[in-house]
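Coordinate analysis (summary)
As a plain string of letters, each chain reads:
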Amino acid sequence: MAGWLVLAASLVAGPDATCLAQPVYDLELRGQGFRRVSVVLAEPKVDAAAAGSRQVALDGQETLARDLIYSGFFYVMDQSANPFLPRGVSRAWNVADEGSGERPHRIEAAWSQPGGQLSADLRLLDGGGNQLLGKRYQVGEAGARGAMHHFADQVVKQMTGLPGIAQSKIAFARLAGKNSEICVVDYDGFDERALTNQRTLTLSPCWGSGRSWIAFTSYVEGQPFLYRLDQGTRRLRPVSRAPGLNTTPDWCAARRAFALTLTRDGNAEIYSMSADGGSPKRLTHNPAIDTSPSWSATGQQIAFTSDRSGVPQIYVMDADGGNVRRLTQHGLYSDSPAWSADGRWIAYVCRRDGEFQLVVMRPDGADERVIVRDGSNDSPAWANDSRHVVFSSRRGGTRGLYVVDVYAGLERRLISGYQEAITPAWSSE
Amino acid sequence: MTRTMRVAALVLLAMAVLAGCGKKTMETPPPVTPPPAPAPQTTPPPPPPPPPAPVAAPTLNQGDVQDVFFDYDKAELRSDARATLTEDGRKLVASPKTNITIEGHCDERGTVDYNLALGERRANAGRDFLVSYGVDGGRIKTISYGESRPFALGHDESAWAQNRRAHFVVTP
């Protein structure tokens, strides 16, 4: 059996409900003896000089709790040993694994105001009270979120050896009437802001290395061209303005190259090109629609969608376009492959019984598992931890963005607002 | 030759004959200066008559070129689409000054990435038919909007069927 078993799932009743698809977690992480680490988040100590910043300290504690919970690696308690529930976080996300009886780790925060500058001293202690991490952060008018995200990533790295995602951001297209603009939001759903104001259709943002720029398709010149918005200078540069489509960009940091869809040859083909659109190289040579490329992390292969069999399916090819192999054999309409940074999974969406399900499979097509069954899902994008995926989902009629923990089978809604949000991209840093 | 000039010529001839008959000391007759020709008229030439009105077909209006519709996930032209395109082609051939843009559209149910390419395929299907019919390809542009610019905003088949189309825009 190809792993299509889906446990009798409750319909997603609300944005924070658990999706009981057969989680990858059961086989992957538990098999390695992985359990969530229990940690107590102590009440912040705020000394008298910083008393006016007590709310900043409390908000900071909540941000830190949310970051640890959203990493998927921790069970977070308050100092009364109750599960810590930050605003907007579902209970289902903060659940203890069966313990070994170890004493929980502990995070302490001490806020002071030396020389008039608000500072937070954060410490991570193990169950025996030994300090594992200690950092001092200066907190300015922008608030404590940046400092807390940074510390959370340090904690994740310390405890698991893996990269944290608390400082990452998600870009997406927010619809506005018949147009759409590129927006960015912190990975936890806070601080959304618009990056473009072009009053046209813009979609499919794609992060450059180090968040130095965002590329996206825009109809601002009347045709779907590819542009790059540099974050430092805020300059907008054209990258590709070939006749026809210049769409579905994906950036490979290892090769410093885009893969994208061009229809200049009369039908949709995948091309690679440099960051400014130079050295375009055609990779696919087939009259079918070939689109939606996704680089492997090393840049040696590209997963993509092709309907050369008559139905769109997921394929993979080498970076030079050779050695094309079909991965999905079921013949169900499939699109939007996304390759995880650790190289272990390709996520994509697959239409079954009229609904697009979010699925993962191995890079050779084996071991396929449904991660999200309901809601008509599209455009998955991995976080750098190779564990979380952001995607768009049409629930209750309008499309919004959701994040799923592929290993735990947990979902959360990313952003609210009545205007639809589509084509998300998760920054690597 | 005008009459005056003919008279003068005869007079000259007569005098030349007489000069040749017996009189040796015939004085050379004074040269006859023909009277000056009448000064040319300085009135402007009459305006040329207006050219005949061209018998070209009128430029097409937006509603004259009908859209065509497609089945779900398909870019093939159904027989009703072919009939519509034949009529569109006839009008376009008869109205050579009209240019068009063909927009390819999809309904909301597919994926964003694939629908952009499918929309392009639908626009191209319309274009290829018209070019085969005889419309000059230079008059036709194409663009795909995928599922991003639906005509009908509902979430049922009647709306979806409206959105799976090649939409013709008459461009100036």
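Reading guide: rules and limits
Residues numbered from 1 in each chain as written. Chains lettered and ligands numbered in written order. Predicted model: local features only at pLDDT ≥ 70, side-chain atom pairs only at ≥ 80, totals over all residues. Heavy atoms only, no water. 1 Å grid on protein atoms, 1.4 Å probe; cavity = no way out; pocket = protein on both sides within 12 Å on 5 of 7 lines; lining within 4 Å. Points joined across faces, edges and corners; volume = space filled by probe spheres on them. Helix = DSSP H or I, 4+ residues; strand = E, 2+ residues; numbered from the N terminus. Nonpolar A, V, L, I, M, F, W, Y, C, P; charged D, E, K, R; others polar. Expected span 1.5 Å × (residues − 1). Buried < 20%, exposed > 50% of the residue type's maximum accessible area, 1.4 Å probe, protein only. Arc of directions from axis to C-beta. Contact = heavy atoms within 4.5 Å. Pairing = 2+ DSSP bridges. Lys, Arg positive; Asp, Glu negative; His and termini not counted. Salt bridge = Lys/Arg side-chain N within 4 Å of Asp/Glu carboxyl O. Polar contact = N/O pair within 3.5 Å; in protein donor to acceptor, adjacent residues only side chain to side chain. Core = buried A, V, L, I, M, F, W, Y, C linked by side-chain atoms within 4.5 Å. pLDDT = per-residue confidence, 0-100. Buried area = accessible area lost by both parts, 1.4 Å probe.

Brief notes about empty space enclosed by the protein
On inspection of all chains with the given rule, the structure shows 4 cavities of 30 Å³ or more. Put simply, the largest cavity is a space of about 100 Å³. Along the wall of the largest cavity there are 13 residues; nearest its centre are A:Ser376, A:Asp378, A:Arg394, A:Arg399 and B:Gly110. Put simply, the parts of the chain that give the lining of the largest cavity at least two residues each are β26 (377-382) and β27 (388-395) of chain A. For the lining of the largest cavity, a count of residues per class yields 3 nonpolar, 4 polar and 6 charged. Here the second largest cavity is characterised by a volume of approximately 70 Å³.

Some thoughts on helix α2 (residues 79-94) of chain B
Residues and elements named next belong to chain B. Between its first and last C-alpha atoms α2 spans 23 Å; for 16 residues at 1.5 Å apiece the expected length is 22 Å, and the two agree. Buried within α2 are the following residues: Ala81, Leu85, Asp88, Gly89 and Leu92. Viewed end-on, α2 has its buried residues packed into an arc of 105°, placing them on one side of the element. Against β1 (68-69), β2 (99-105), α3 (112-133) and β4 (165-171) lie the buried residues of α2.

Topic: the pairing of strand β11 (residues 213-218) of chain A
Residue and element names in this part refer to chain A. Counting buried positions along β11 yields 6 of 6 residues, so the element is predominantly enclosed. Judged by which residues are buried, β11 turns out to be covered on both faces: Trp213, Ala215 and Thr217 on one side and Ile214, Phe216 and Ser218 on the other are all buried. With 4 bridges joining them, strand β10 (residues 202-207) and β11 adopt antiparallel strand pairing. Paired with cysteine 206 across the bridge in β11 is alanine 215. Where β10 hands over to β11, the hairpin turn is made up of 5 residues, of which glycine 210 adopts a positive phi near 65°. Inspection of the sheet shows β11 paired to strand β12 (residues 225-230) by 6 bridges, in the antiparallel sense.

Details of the sheet that holds strand β17 (residues 281-282) of chain A
Residues and elements named next belong to chain A. Here we have 4 strands laid out as an open sheet, ordered β14-β15-β16-β17, and antiparallel in their pairing. Looking at the sheet topology across the chains shown, the edges are occupied by β14 (246-252) and β17. The sheet contact formed by strand β15 (residues 257-262) and strand β16 (residues 269-273) spans 5 bridges and is antiparallel. Counted as the bridge partner of alanine 259 is serine 272 from β16.

Observations regarding the side chain of B:Glu103
All names here are of chain B. In this fold, glutamate 103 is placed in strand β2. In this structure, glutamate 103 is buried with no salt-bridge partner, the nearest side chain bearing the opposite charge being arginine 149 at 6.6 Å. Looking at glutamate 103, its side chain comes within polar contact range of the side chain of histidine 105, at 2.8 Å. Ignoring anything within four residues of it in the chain, the contact list for glutamate 103 reads Ala123, Ile143, Tyr145, Phe151, Arg165, Ala166, His167 and Val169.

A closer look at the nonpolar core
For soluble globular proteins, the rule of thumb is that nonpolar side chains tend to be buried together. Judged by nonpolar contacts, the single largest core of 51 residues is most densely connected at A:Leu68, A:Phe74, A:Val76, A:Ile107, A:Trp111 and A:Phe151. For A:Phe151, the residues in contact, after removing those within four places along its chain, are A:Leu64, A:Ile107, A:Leu122, A:Arg123, A:Leu124, A:Leu133, A:Lys135 and A:Tyr137. Judged by nonpolar contacts, the second largest core, of 44 residues, contains A:Ile182, A:Ile289, B:Ala75 and B:Leu118.

Topic: the confidence of the model for chain A
Here chain A shows a mean pLDDT of 91. Residues at 70 or above account for 92%. Note that residues 1-23 of chain A has pLDDT below 50 and, in this model, 52 contacts with residues that lie over four places away or in other chains.

Quick word on the interface of chain B and chain A
Chain B puts 24 residues into the contact, and the matching count from chain A is 34 residues. For the pair chain B and chain A, the two sides together bury roughly 2300 Å², of which 53% comes from carbon and sulfur. A per-residue breakdown of the area chain B buries against chain A is headed by B:Asp113, B:Tyr114 and B:Arg149, which together make up 27% of the total. Where chain B touches chain A, the interface holds 4 salt bridges. Put simply, A:Arg394 and B:Glu108 hold a salt bridge, and the shortest N to O gap is 3.2 Å. Here chain B and chain A share 15 residue pairs in polar contact (both at pLDDT 80 or more) between them. Every element with two or more residues in the side of chain B that touches chain A is listed here: α3 and β3 (140-146) of chain B. Tallying contributions element by element places α3(B) first for the side of chain B that touches chain A, with 10 residues. By residue class, the composition of the side of chain B that touches chain A is 8 nonpolar, 8 polar and 8 charged.

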